[in-house]
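Letter by letter, the chains look like this.
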2 protein chains.
Amino acid sequence: MTAENPHLAAVVDFVAALYQSGVRDVCISPGSRSTPLVVSFARHGGYRIWTLLDERSAGFFALGLARASGRPVALLCTSGTAAGNYLPALMEAWADGVPLVVLTADRPPELYATGSNQTADQRKLYGRYVKLDFDMPVPDGGEMLRRHARATAWRAVAAAQSYPPGPVHINWPFREPLLPPHHAAAGDGARNGVPEAADGRGGLAAWWGPQPVPPEAAVAHVARLVAASRRPLIVCGPQDDPLLPPALLRLAAAAGAPVLADPLSQVRSFAGRDEHVICHYDVWLRAARWRERLAPDLVLRVGAAPVSKVLAESLAAWPARQVVIDPVLPWRDPWFVATDVVTAHPVSTIAEVAAALPPAASAWWRRWRRVDEAARAAVRAALATSGSRIAFEGRLYAELADWLPDGAVLFVGNSMPVRHLDAYFAPRAVGLRVLANRGVSGIDGVVSSAAGVAAAGVGPVVLVIGDVSFYHDLGALHAVVRHGLSLVVVLVNNRGGGIFSFLPQRAHPDTFSFFRTEHDVSFAHAVAAYGGRYARVEDWAALRRQMEHDLAAGGLSVIEIPTDAEQDVAWQADVVRAVAAALADGEEGEGGGDA
Amino acid sequence: MTAENPHLAAVVDFVAALYQSGVRDVCISPGSRSTPLVVSFARHGGYRIWTLLDERSAGFFALGLARASGRPVALLCTSGTAAGNYLPALMEAWADGVPLVVLTADRPPELYATGSNQTADQRKLYGRYVKLDFDMPVPDGGEMLRRHARATAWRAVAAAQSYPPGPVHINWPFREPLLPPHHAAAGDGARNGVPEAADGRGGLAAWWGPQPVPPEAAVAHVARLVAASRRPLIVCGPQDDPLLPPALLRLAAAAGAPVLADPLSQVRSFAGRDEHVICHYDVWLRAARWRERLAPDLVLRVGAAPVSKVLAESLAAWPARQVVIDPVLPWRDPWFVATDVVTAHPVSTIAEVAAALPPAASAWWRRWRRVDEAARAAVRAALATSGSRIAFEGRLYAELADWLPDGAVLFVGNSMPVRHLDAYFAPRAVGLRVLANRGVSGIDGVVSSAAGVAAAGVGPVVLVIGDVSFYHDLGALHAVVRHGLSLVVVLVNNRGGGIFSFLPQRAHPDTFSFFRTEHDVSFAHAVAAYGGRYARVEDWAALRRQMEHDLAAGGLSVIEIPTDAEQDVAWQADVVRAVAAALADGEEGEGGGDA
């Protein structure tokens, strides 16, 4: 043990304990006050270290990495405004249940409120957007604080992972000198053969979190409701547990129920060809006729609130009994229509309900399926009329549904991309994952989040993003290149906030320019600044070729496609009309009984 | 009155009252939930509206604009993570006393914690980093809430401006539909001839804030201390009240005291040629000999903590009595050496102390002046040895001291720029303003802050910034071009975190790469992306020509100068050595009595 500054031994122990508790990735933004932690992470040897110069970007990168890897990710920055930059990512992580361990270096308490440089009060900095916050004592080299540091690592990671997962904050004040001792962490001796510096207490050998399983009575109750229903409907909102889709499809089969699968539910992308899965409801449920004819008598909901406004309005309007299975408290139900709520893990609840059901009798789900198939064909036909040149932005998602390779991850931006995705994405490939930041649905940090997903190494990653959102987080391209990640960005450029063309603000020309904010950012130059490949394409065939090329080549590539927000509104209306007309034609053959 | 949605009348009234209370600038980031406010601001007709696509950048832009204009500036964004992006700028504004009025649109309370889209709990989002926070009721169109809205505008602006100034937060939930009525705001009728919509109560005709003047006893006490001192010393840290420098120099003359003028004190830049002003202490006080020989028996301090670490160490070590005049509570004194504290406005306190003093007897300030003059000559000579090519980064500030035109604003980045500025900047021009974000001293948001200063239209603005800080806030260039602002950026590119080469972390090659984060960002391309001019120069004469050209041409220009962090450390040591040697040579002639 060469002890530069033995008072900092607790930091080395903390970093070792964080590793033992399961953290493998740390996103570090450089700084001076954080030196004890930076050096301890660097010397540990076990961590993947992601250096990111911008803390806001680092926060979202960690979010994407934790989301895709399923593991908690650590964030580390220096004192002051640097720490403030994490807030947007923590709001999203908190809302969407992503485990993050935020480490902020701080100046010691004797400098608070003295006017000392770069000293801000960082205690409880993130307010309610962390599950727990720890204010560490200034390390003194004593055994008690070393134990406490090890224990805090385990306690923090447990809190971050425990259901529902989320961010935790550890604020750590340091006194100079800042270089930590070069010793093996206590409890770490076996790994590198160096004698232990302390007895290692505080760290655990293992931790298990609670499993929120449903009580038997709840399962029996829900099973009775489903069995008694003549028109049961399953709605799966955004969620990314890979175990949910198979469980849900077994329930759908057992119940004879259609599954309205949000594009971010993983149900549509994992199993788009399962006959119970309904993909195009956002287009065809706009017709009151269909909302009424196919009204369910029972709705069973899991996941977050669906992207589709049309579906939301239907759920709010149908007089059906509505069962919500949600591990989050208070349960998610923005329309206050839930009638029966189970606060438990959806996978186990659904599997138990499916097992408790009698053999399915109802074939009413086939009515939904027939309409959805007809809608699919009508959508395809309508999109085809837009020709080979890129015109209607919505078609991109139908094309991607055909092109994306098995196992790919599609990350979509908020605002228009996720809405068009909802309407037009019915993928052919298997094992796709479709992700977005839908906890708070910001347009910020989207490129960083996708880069974090790429860092998880779970499959080829394609990001589809609008120009304002891309501009907002351009700096994230640096992290992609710096860390040798592979990311294909499809940049849909309508030159400023296309979503507003779909909203009532459009009707007021005196103020519309403050919503649709035209700009002339040259993304070709911006991508070149960071050393990525850039291409601009104007027809669908070229886009597909370019994307296939870029996926094979790896690295960072940005493919820009120009669109027009005004035309987009017209196209969207055309498609909806065409689908409505096609369904009206086929309506007679569709009628029939419920079973 | 054409009332689209009369329930939103209070918003129109609020926007009018905010104007009446003194706000003239609003920085808007587009969004949907904020529509009632966006449309009301746009239709008001009196506001300068700055559209900024990135809320983090908008926060710092507003900070720079409020700092340079001396007026409170409003910020407006939509709900969700957008609001979280303001936190870094609010931390800086809070620490540095800059008045901002933050308006966050919110979804209505019935959607909190329901899983509704883009809904985050924004109440108390900024924790202790705002002076006050207001949770508005959802507007109902009734007279009581209209009064309340007008009153809240006045109360918020008063809180933001009241000493010490700072940010306030108004969170405003809105229910759909979101388009406000097209009526004249109550109390606004005279301006546009439209009948008033309500009685206009709630808004004030005028508001005056408290003036923190010192009690007579305090003035007499401080004057006695100064009169009794044989070796009084005045230290002025960062501050930007233009009234302080003349007051302070009158006190210096009356007391026979040298003034150690921080580069951000405005004393050095407003009055660099006043003989009482000492500029190069950061270089020559490094020698213990001078710290001891010129030790004061009384120190009188105003402003924030000085940039110079050498001066800080001297202040902590000198056994002198130390008077602190500071309107902030608790008073700023990171070394706990204050002995006599006056919590009052420094300008009035200092003017009254100066008036109460007997005619000055002491000429001890001339000893400081002689050493500082010798140091200045030695610094100049040492810098000249570096030749015509740009090598030592510190020389930039000596060159700028000669080049900057009268009335210019120099904005400097944190980390190395402000430190080199401290050591080498002794300007010739008059009426210069030197600004930086020294509240919390972050490297984030610096370009946006300088753009905000440019938006205030107070003089030509030159920003000197390092490459990591520039990368952190590249997107701000968009705002400069979009709004037709003029800003000359001198980009000092040492390719990653040069300050760490001056810190102990450098001695540890196993971990140094996590501090000095090399990068290959092409700033030429980045500037082109936003449509700015770009030049790279390698010698001082070319830099001066380019800067003069760019100042005359207006618009956005970025001049990149390449430096080398390792060589910089060596140069800095050379200059310090040369100055020490020069001062040692002249030491004999300098000695002498105190008076």
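All of these numbers come straight from a predicted model, not from anything done at the bench.

### Some words on the overall build of chain A
The secondary structure content of chain A amounts to 24 helices and 18 strands. Against the 2.2 N^0.38 benchmark of 25 Å for 595 residues, chain A shows a C-alpha radius of gyration of 26 Å, consistent with a compact globule. Each principal axis of the C-alpha atoms in chain A carries an extent, and together these give about 85 × 60 × 45 Å. The proportion of buried residues among the 595 residues of chain A is 64%. Counting only carbon and sulfur atoms, one obtains 54% of the accessible surface of chain A, whose full area is about 19,400 Å². Taking the average place of the 54 positive charges on the side chains of chain A and the average place of its 59 negative ones, the gap between the two points comes to 3 Å.

### Here's the deal with the confidence of the model for chain A
All names here are of chain A. With 95% of its residues at a pLDDT of at least 70, chain A reaches an overall mean of 92. Note that residues 588-595 has pLDDT below 50 and, in this model, 15 contacts with residues that lie over four places away or in other chains. Reported confidences for the modelled complex are a pTM of 0.95 and an ipTM of 0.93.

### Some points on the interface of chain B and chain A
Of the residues lining the interface, 84 residues belong to chain B; the matching set on chain A comes to 84 residues. Carbon and sulfur atoms supply 61% of the area buried between chain B and chain A, which totals about 6,800 Å² over both sides. Applying the counting rule to chain B against chain A returns 6 salt bridges. We note a salt bridge from Asp121(A) to Arg128(B), for which the minimum N-O separation is 2.6 Å. Taken together, the elements giving at least two residues each to the side of chain B that touches chain A come down to helix H2 (35-44), strand S2 (48-51), helix H3 (55-69), helix H4 (81-84), helix H5 (87-96), helix H19 (467-472), helix H20 (476-482) and helix H21 (523-530) of chain B.

### Some details on the pairing of strand S16 (residues 487-493) of chain A
Residues and elements named next belong to chain A. Most of S16 sits out of view: 7 of its 7 residues are buried. Side chains Leu487, Val489, Leu491 and Asn493 project from S16 onto one buried face, and the interleaved Val488, Val490 and Val492 project onto a second face that is buried too. Bridging between strand S15 (residues 461-466) and S16 involves 5 bridges; their strand directions are parallel. Bridge pairing in S16 links leucine 463 to valine 489.

### Things to note about the UniProt feature "domain: Thiamine pyrophosphate enzyme N-terminal TPP-binding" (unreviewed entry) in chain A
The sites that carry the UniProt feature "domain: Thiamine pyrophosphate enzyme N-terminal TPP-binding" (unreviewed entry) are, in the present numbering, residues 14-122 of chain A. Taken end to end, residues 14-122 of chain A has its terminal C-alpha atoms 20 Å apart, with 42% of it in helix and 18% in strand.

### Things to note about H5(B)
Among the 10 residues in H5(B), 7 count as buried, and that is most of the element. Those residues of H5(B) not exposed but buried are Leu87(B), Pro88(B), Ala89(B), Leu90(B), Met91(B), Glu92(B) and Ala93(B). Tucked inside the fold, the buried residues of H5(B) contact helix H4 (81-84) and helix H5 (87-96) of chain A together with H3, H4, strand S4 (100-106) and strand S6 (167-173) of chain B. Trailing H5(B) by a residue or two, Gly97(B) shows a phi angle of about 70°, which is positive.

### Considerations on the relation of the copies chain B and chain A
Screw-axis analysis of chain B against chain A gives a translation of 0.0 Å along the axis, an RMSD of 0.0 Å, and a rotation angle of 180°. What the rotation and shift describe, once combined, is the action of a two-fold rotation axis. A symmetric contact is evident, with 100% of the interface residues of chain B recurring at the interface of chain A.

### Comments concerning the environment of Arg389(B)
Residue and element names in this part refer to chain B. Relative to the helices and strands, arginine 389 is located in the loop between helix H15 (365-384) and helix H16 (395-403). Spatially, the C-alpha atom of arginine 389 lies 8.5 Å from that of alanine 541, the residues being 152 residues apart in sequence. There is a polar contact of 2.9 Å between the side chain of arginine 389 and the side chain of glutamate 538.

### Let's talk about the sheet that holds strand S17 (residues 533-536) of chain B
Residues and elements named next belong to chain B. Strand order in the open sheet formed by 6 strands is S14-S13-S15-S16-S18-S17, with parallel pairing between adjacent strands. At either end of the open sheet lies a strand with only one pairing partner, and these are strand S14 (433-435) and S17. Each adjacent strand pair in this sheet contributes to an overall mean axis angle of 20°, direction not counted. As judged from the 4 bridges shared by strand S13 (residues 409-412) and strand S15 (residues 461-466), these two strands associate in the parallel manner.

### Side note on the packing of aromatic side chains
The full count for this structure, using the stated rule, is 30 aromatic pairs over all chains. Aromatic side chains Phe470(A) and Phe523(A) sit 5.4 Å apart centroid to centroid with 55° between the ring planes, which places their arrangement in the tilted category. Linking Phe470(A) in helix H19 (residues 467-472) with Phe523(A) in helix H21 (residues 523-530), this pair joins segments that are 53 residues apart in sequence. The same class applies to Phe470(A) and to Phe523(A), which are both buried. Taken together, a centroid distance of 4.8 Å and an interplanar angle of 80° make the contact between Phe41(B) and Tyr47(B) edge-to-face. The pair Phe41(B) / Tyr47(B) is uniform in exposure class, with both members buried. An aromatic cluster is defined as three or more aromatic residues linked by ring pairs; in this entry it consists of Trp284(A), Trp290(A), Trp318(A), Trp364(A) and Trp368(A). A cation over an aromatic ring shows up here: Arg24(A) above the ring of Tyr19(A), its NZ or CZ 3.7 Å from the ring centre.

### Here's the deal with the nonpolar core
What tends to happen in soluble globular proteins is that the nonpolar side chains get buried as a cluster. Among the nonpolar cores identified, the biggest contains 130 residues, and Phe470(A) and Phe470(B) are the most heavily contacted of them. If near-sequence neighbours (up to four positions away) are discounted, Phe470(B) is found in contact with Val447(B), Ile465(B), Leu477(B), Val489(B), Leu491(B), Phe523(B) and Val558(B). With 66 residues, the next largest nonpolar core counts Leu233(A), Tyr281(A), Ala320(A) and Val492(A) among its residues.

Rules behind the numbers
Residues numbered from 1 in each chain as written. Chains lettered and ligands numbered in written order. Predicted model: local features only at pLDDT ≥ 70, side-chain atom pairs only at ≥ 80, totals over all residues. Heavy atoms only, no water. Helix = DSSP H or I, 4+ residues; strand = E, 2+ residues; numbered from the N terminus. Rg over C-alpha atoms; globule rule 2.2 N^0.38 Å. Buried < 20%, exposed > 50% of the residue type's maximum accessible area, 1.4 Å probe, protein only. Areas by Shrake-Rupley, 256 points an atom, 1.4 Å probe, with all protein chains shown as cover. Lys, Arg positive; Asp, Glu negative; His and termini not counted. Charge placed at Lys NZ, Arg CZ, Asp CG, Glu CD. pLDDT = per-residue confidence, 0-100. Contact = heavy atoms within 4.5 Å. Buried area = accessible area lost by both parts, 1.4 Å probe. Salt bridge = Lys/Arg side-chain N within 4 Å of Asp/Glu carboxyl O. Pairing = 2+ DSSP bridges. UniProt positions renumbered as here; feature names shortened; annotations may be inferred. Least-squares fit on C-alpha atoms with pLDDT ≥ 70 in both. Polar contact = N/O pair within 3.5 Å; in protein donor to acceptor, adjacent residues only side chain to side chain. Axes fitted to C-alpha atoms, helices over the stretch in contact; angles between N-to-C directions. Phe/Tyr/Trp six-rings, centres within 6.5 Å; stacked < 30°, edge-to-face > 60°. Lys NZ or Arg CZ within 6 Å of the ring centre and 35° of its normal. Core = buried A, V, L, I, M, F, W, Y, C linked by side-chain atoms within 4.5 Å.

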